[in-house]
Amino acid sequence: MSISYFEGIPAIPISQGEFSFYVFKIKAKKLLSIAYTSERTKENRIGIQRGLRKDRLISIGKYLQGKISGQPILPNTIIVSHSNDSYYEDGKIHIANKELSEAFVIDGQHRLWSFQEEFSGTVDIEILVSAFIELGDDKKALIFKTINGEQRKINPSLVYDLIPMLREKNWVEFENWRSQEIVDILNSDPSSPWANRISMVGEPNKIISQSSFITAIKKLFKKGHIFNSSYAAQELIEGITEEKLLVEFFNAVEDQYNVEWDNREFFLCKYVGVSALLNLLEIIIEDLRAKHVELANNTGLLLTQQDFVPYILKLKEYRFSAKEAKANGYTYVGEGGVNDLFKKIAALVFPSND
């Protein structure tokens, strides 16, 4: 049976030790039409790749459509292995046009499969490819292991710290850059109880990372929460500068928890503690509003840390001790732990709501 080929594609031959491969550009959907892979499972022990995750495909598809971070760019190569029906000659690679059976994807499967119409619509861009020819399964596995097993994941706090360089171009969502800005101010403002206590770019010996703090604060920008613009439009906190509110609130917490503050034996200043305290702050704000306390005016925030002291005094009997929590059968981990801890401390401050 005769084999048809794509038109020859200019390619650069590269040799690295015992490996030879070719680098070229091709439209993503064109490569996808001949691509395939083999998932490694308990039943399929000869497979190499991880299974495709639909949530990742959806996320990358949105990115490709410009719905996340603006104009998309995929500068990393897709690594494939062609059969020996494909060949390199006279500066060009000639790829056999065999539907879903010619380009075995070793790395970059989610990037490539996100070009399926259900995920990215009609979007189609040129991508960079590193292609081997007739690579054995053992070599495919070795390359996959080297790429995915030896790389070190970048510290997410360093990624967040780059946000100020991107926000002028509208390349990051508002809640991301605003939360990062707030955390940066909390860490740099001398009046803040968090001054120099946040690991902004992965510094060791800091009680909480920038990424964890941003994750906690971002929730406050969601619909129905106190930093959301629609919430402010209801005259709840309109005119409040968010970082000033957080400084006053956490100053009240630090003042009453001077032993536990910035102390690794307690989880008060760790993600689960901070996130639960921010949940508590929201219902404190609601309570102050119900009492007709003026929160802010056109000059800014009117609340001070003294407004929060009565609430924190009710909370103070809870010490945020990891050792005591474990002894009592509580392990506060993840968002479930945040919710459990919030319910516990909220019941202390507002026992009538229990």
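Preceding this paragraph is the structure being described.
Criteria and cut-off values
- Residues numbered from 1 in each chain as written.
- Predicted model: local features only at pLDDT ≥ 70, side-chain atom pairs only at ≥ 80, totals over all residues.
- Heavy atoms only, no water.
- Helix = DSSP H or I, 4+ residues; strand = E, 2+ residues; numbered from the N terminus.
- Expected span 1.5 Å × (residues − 1).
- Buried < 20%, exposed > 50% of the residue type's maximum accessible area, 1.4 Å probe, protein only.
- Arc of directions from axis to C-beta.
- Contact = heavy atoms within 4.5 Å.
- Pairing = 2+ DSSP bridges.
- Salt bridge = Lys/Arg side-chain N within 4 Å of Asp/Glu carboxyl O.
- Axes fitted to C-alpha atoms, helices over the stretch in contact; angles between N-to-C directions.
- Parallel < 35°, antiparallel > 145°, perpendicular 65-115°, else oblique.
- Left-handed = near helix turned anticlockwise from the far one by under 90°.
- Patch = residues over 30% accessible without salt bridge, like charges linked within 9 Å, V, L, I, M, F, W, Y side chains within 5 Å.
- Areas by Shrake-Rupley, 256 points an atom, 1.4 Å probe, with all protein chains shown as cover.
- Core = buried A, V, L, I, M, F, W, Y, C linked by side-chain atoms within 4.5 Å.

1. Remarks on helix 15 (residues 334-349)
Here helix 15 is 16 residues long and its end C-alpha atoms lie 23 Å apart, about the 22 Å a rise of 1.5 Å per residue gives. Of the positions making up helix 15, those classed as buried are Gly 337, Val 338, Leu 341, Phe 342, Ile 345, Ala 346 and Val 349. One side of helix 15 carries all its buried residues, which in axial view fall inside an arc of 155°. Those residues of helix 15 that are buried are in contact with helix 12 (271-290) and helix 13 (305-315).

2. Observations regarding the sheet that holds strand 7 (residues 92-94)
Strand order in this open sheet of three strands is 1-7-6, and the pairing throughout is antiparallel. Edge positions in the sheet fall to strand 1 (9-10) and strand 6 (87-89), since each has one partner strand and no second. Here strand 1 pairs with strand 7 via two bridges, running antiparallel. Looking at strand 7, one finds that Ile 9 is bridged to Ile 93.

3. So, the side chain of Ser 275
With respect to the helices and strands, the residue Ser 275 is situated in helix 12. Contacts of Ser 275, omitting those with residues within four sequence positions, involve Ala 216, Lys 219 and Val 338.

4. Notes on the pairing of strand 3 (residues 19-27)
Across five bridges, strand 2 (residues 12-16) lies against strand 3 in antiparallel orientation. Looking across to strand 3, one finds that Ser 15 is bridged to Ser 20. The hairpin formed by strand 2 and strand 3 contains two residues between the paired strands, and Gly 17 there has a positive phi angle of roughly 60°. The pairing of strand 3 with strand 9 (residues 126-133) spans six bridges and is classified as antiparallel.

5. With respect to the environment of Glu 118
Secondary-structure assignment places Glu 118 in helix 4 (residues 117-120). Between the C-alpha atoms of Glu 118 and Ile 58, which are 60 residues apart in sequence, the distance is 8.6 Å.

6. Brief notes about the pattern of salt bridges
Considering all chains together, one arrives at 16 salt bridges under this definition. For Asp 137, the salt bridge is made with Lys 140, and the minimal N-O distance between the two is 3.5 Å. One end of the pair is Asp 137 and the other is Lys 140, both in helix 5 (residues 137-150) and three residues apart, which spans about a single turn. We classify Lys 140 as buried; its relative accessible area is 9%. Residue Asp 262 pairs with Arg 197 through a salt bridge whose shortest N-O separation is 2.8 Å. Of this pair, Asp 262 sits in the loop between helix 11 (242-256) and helix 12 while Arg 197 sits in the loop between helix 8 (174-188) and strand 10 (198-199), placing them 65 residues apart in sequence. Three or more residues are tied together by salt bridges with common partners; here these are Arg 178, Glu 181, Glu 242 and Glu 243.

7. Points about the packing of helix 8 against helix 11
When two helices pack together, their arrangement is given by the angle between their axes and by how far apart the axes lie. Between helix 8 and helix 11, whose axes approach to 10 Å, the crossing angle comes to 45°. Judged by the angle between their axes, helix 8 and helix 11 are oblique. Handedness of the helix 8/helix 11 crossing: right-handed. On helix 11, the residues that touch Arg 178, Ile 182, Ile 185 and Leu 186 of helix 8 are Glu 242, Glu 243, Leu 246 and Val 247.

8. Considering helix 9 (residues 210-218)
With seven of its nine residues buried, helix 9 lies for the most part within the structure. Of all the positions in helix 9, only Gln 210, Ser 211, Phe 213, Ile 214, Ala 216, Ile 217 and Lys 218 are classed as buried.

9. Here we look at the sheet that holds strand 9
Pairing is mixed across the open sheet formed by six strands, whose spatial order is 2-3-9-5-8-4. Where the open sheet ends on each side, the last strands, each with one partner, are strand 2 and strand 4 (35-36).

10. What to know about unusual backbone geometry
Positive phi values are uncommon outside glycine, yet Leu 100 reaches one of about 55°. Note that Leu 100 resides in the loop between strand 7 and strand 8 (103-107).

11. Notes on a nonpolar patch on the surface
A cluster of nonpolar residues, Ile 3, Tyr 5 and Tyr 87, forms a patch on the protein surface that exposes about 240 Å² of accessible area. Positionally, Tyr 5 belongs in the segment before strand 1. Take Tyr 5: its relative accessible area is 34%, and that puts it in the partly exposed class.

12. Some thoughts on the nonpolar core
Core analysis: the biggest nonpolar cluster contains 58 residues, and Trp 194, Phe 213, Phe 250, Leu 277, Leu 315 and Phe 320 have the highest contact counts within it. Of all elements in the fold, only helix 8, helix 9, helix 11, helix 12, helix 13 and helix 15 reach the threshold of two or more residues within this core. Ranked by the residues each element gives to this core, the list is headed by helix 12, at eleven residues. Leu 277 has contacts with Phe 249, Phe 250, Val 253, Leu 268, Leu 315, Phe 320 and Ile 345, leaving out every residue within four places of it along the chain.

13. Structural notes on the environment of Leu 112
The residue Leu 112 is located in helix 3 (residues 109-113) in this model. When the C-alpha atoms of Leu 112 and Ala 35 are compared, they prove to be 8.7 Å apart, with 77 residues separating the residues in sequence. For Leu 112, the contacting residues outside a window of four places in its chain are Ala 28, Leu 31, Leu 32, Ala 35, Ile 78, Val 105 and Ile 127.

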